[in-house]
Amino acid sequence: ERNLTVVTEFFLLGFQANKSLRVFLFCLFLVVYCGTLCGNLLIIILVSTSQNLHTPMYYFISQLSISDILLPTDIVPNMLHILMTNGGTITFIGCITQYYFFGASVVFECFLLTVMSYDRYLAICNPLRYSSLMTRTCCVKFIIIAWCFSFSTALISSVASAMLKFCGPNVIDNFFCDIGPLLDLACSDTFLIHLEILLLGSPILIIPSTVIIVSYVKIIVAVLKIRTSTDRHKAFSTCSSHLIVVTIFYWSLLGVYIFPTQEQTFNTSKLLSLLYTVFTPFINPLIYSLRNRDIRKAVMKIVNIYSKVYTEK
């Protein structure tokens, strides 16, 4: 029988391992987190200051960088603490707050990647109408709607989670507060919140993924109609970076929440969660900067400016 004491804090197990492995993971995640902050801040600064990057695509990339800073900042600092202490407590309010910002970041990224795929569709399939359709005002409206919808959706599920009663075990076998483990620990009825998550989550996943698939099918058809291989390569290279980011993000998300296998252990689930909470925000700026000529040029321009200032001194 469950203890009737009301739970005021949760114990996050994190990664139960020997000290040497935990120290290695601590150093790895710290380096990745610092790299994530530096890489994404660099992209935000470049897009803000470089005139040739003032286009819809780079505006969306800078918004992705903001999301890629918010998500790991919500997860990693506490995870590093848990690694050093081999598990750690988090208050009930802290747990709900962490889940809120996590949910908002993930939902925002789903919608942003959808908008970016639509942007690439217009650029390749309707190049003559692109500038009139994807105006600056239109881009800003897309982003405001995406952020507002993400934070309001996350608020609904977070408030519903906060209303649940927790009076039994308080151990979460994860490195952050996620909705699944929280519902497993609740001692009150979770039917309504499961239904709410299903009703909110299904459109959030189905509509963006459908738009992305349809957009890329049309892009591929349009690219294949281009006669010369050079022009085909040039057209597809403008959206290949985005396609890589979409694949990594959705693959890991689907693996954890939609199609978890019967054999999937907690460790497998944690590794997939690490992929989209820690490593994807680190990989994204690398994909967009290393594979993008305009961003490389903007970086070199800044490097040249600073080197000239340094030599003049």
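Residues numbered from 1 in each chain as written. Predicted model: local features only at pLDDT ≥ 70, side-chain atom pairs only at ≥ 80, totals over all residues. Heavy atoms only, no water.

Focus on the overall build of the chain
Here is the rule we go by: Here a strand is any run of E in DSSP of at least two residues, a helix any run of H or I of at least four, and the numbering for each starts at the N terminus. Burial status follows relative accessibility: with a 1.4 Å probe on protein chains alone, a residue under 20% of its type maximum counts as buried, one over 50% as exposed, and anything between as partly exposed.
Of regular secondary structure, the chain possesses 10 helices and 3 strands. Ordered by position in the sequence, the α and β elements of the chain form the string β-α-α-β-α-α-α-β-α-α-α-α-α. The C-alpha extent of the chain, read off along each of the three principal axes, is 70 × 55 × 35 Å. Per-residue burial for the chain yields a buried fraction of 44% across its 313 residues.

Quick look at the environment of D68
Quick note on the threshold: We call two residues in contact whenever any of their non-hydrogen atoms come within 4.5 Å of each other. N or O atoms closer than or at 3.5 Å make up a polar contact, with two conditions inside protein: a donor-capable atom paired with an acceptor-capable one, and, for residues adjacent in sequence, both atoms drawn from side chains.
Of note, D68 is situated in helix α2 (residues 56–85). Accessibility expressed as a relative area gives 1% for D68, which makes it buried. On a C-alpha basis, the gap between D68 and I193 in space is 28 Å, while along the polypeptide they are 125 residues apart. Non-local contacts of D68, meaning those with residues more than four positions away in its chain, are made with T36, N40, E109, P281 and N284. Here the side chain of D68 touches N284 through a polar contact of 2.8 Å, side chain to side chain.

Side note on a positive patch on the surface
The condition is simple: The patch calculation keeps residues exceeding 30% relative accessible area without a salt bridge and links them within 9 Å when they carry like charges or within 5 Å when they are nonpolar (Val, Leu, Ile, Met, Phe, Trp, Tyr). For accessible areas, the Shrake-Rupley method is used with a probe of radius 1.4 Å. Any residue's cover is judged against the shown protein chains and nothing else. Any carboxyl oxygen of Asp or Glu that lies within 4 Å of a side-chain nitrogen of Lys or Arg is treated as forming a salt bridge with it. For this count, His and the chain ends are skipped, Lys and Arg are scored as positive, and Asp and Glu as negative. For charged residues, the charge sits on one atom: NZ in Lys, CZ in Arg, CG in Asp, CD in Glu.
On the surface, K234, R293, R296 and K297 cluster together into a patch of positive charge. For the positive patch, the element with the most residues is helix α10 (residues 293–312), which contributes 3 residues. Structurally, R296 is set in helix α10. Using a relative accessible area of 39% as the deciding quantity, one classes R296 as partly exposed.

Considerations on a nonpolar patch on the surface
There is a patch of nonpolar side chains on the surface, built from F191, L192, L195, L198 and L199 and spanning about 540 Å² of accessible area. Within the element layout of this structure, L198 appears in helix α7 (residues 191–224).

Structural notes on the UniProt feature "transmembrane region" (unreviewed entry) in the chain
What counts, and what does not: UniProt positions are given in the numbering used here, feature names are shortened, and annotations may be inferred rather than shown by experiment.
As annotated in UniProt, the feature "transmembrane region" (unreviewed entry) corresponds to residues 23–46, 99–118, 139–164, 204–224, 236–259 and 271–290 in the numbering used here. Across residues 23–46 one finds 100% helix and 0% strand; the C-alpha atoms that close the span lie 34 Å apart. For residues 271–290, the end-to-end C-alpha separation is 25 Å, with 100% helix and 0% strand making up the annotated structure.

Let's talk about helix α3 (residues 92–125)
Operational definition: The span you would expect from a helix comes to 1.5 Å times its residue count less one.
An ideal rise of 1.5 Å per residue puts 50 Å on 34 residues; α3 measures up with 49 Å between its terminal C-alpha atoms. The element α3 is extensively covered by neighbouring structure, given that 26 of its 34 residues are classed as buried.

Examining the packing of aromatic side chains
Counted only if it meets this: Only the six-membered ring of Trp is used, alongside the rings of Phe and Tyr, when aromatic pairs are assigned; centres must lie within 6.5 Å, and planes under 30 degrees apart are stacked while those over 60 apart are edge-to-face, with the rest tilted.
Taken as a whole and judged by the stated rule, the model has 19 aromatic pairs. Aromatic pair F15 and F175: ring centres 5.4 Å apart, planes at 15°, arrangement stacked. Remark: F175 occurs in the loop between β3 (171–172) and α6 (179–185) and F15 occurs in the loop between β1 (9–12) and α1 (19–49); sequence separation between them is 160 residues. The pair F15 / F175 is uniform in exposure class, with both members buried. Both rings, one in Y59 and one in F60, keep their centres 6.0 Å apart while their planes meet at 50°; by these two values the pair is tilted. Owing to a relative accessible area of 0%, F60 belongs among the buried residues under this scheme.

Topic: the pattern of salt bridges
Close approach of charged atoms allows side chains with opposite charge to pair. For the structure on display, the rule yields 2 salt bridges. D119 is the salt-bridge partner of R120, the closest N and O atoms lying 2.9 Å from each other. Of the two residues, R120 and D119, neither departs from the other in class, the shared state being buried. Between K270 and D173 there is a salt bridge, and its shortest N-O distance comes to 2.9 Å. Separated by 97 residues along the polypeptide, K270 in helix α9 (residues 266–290) and D173 in the loop between β3 and α6 bring together distant segments of the chain.

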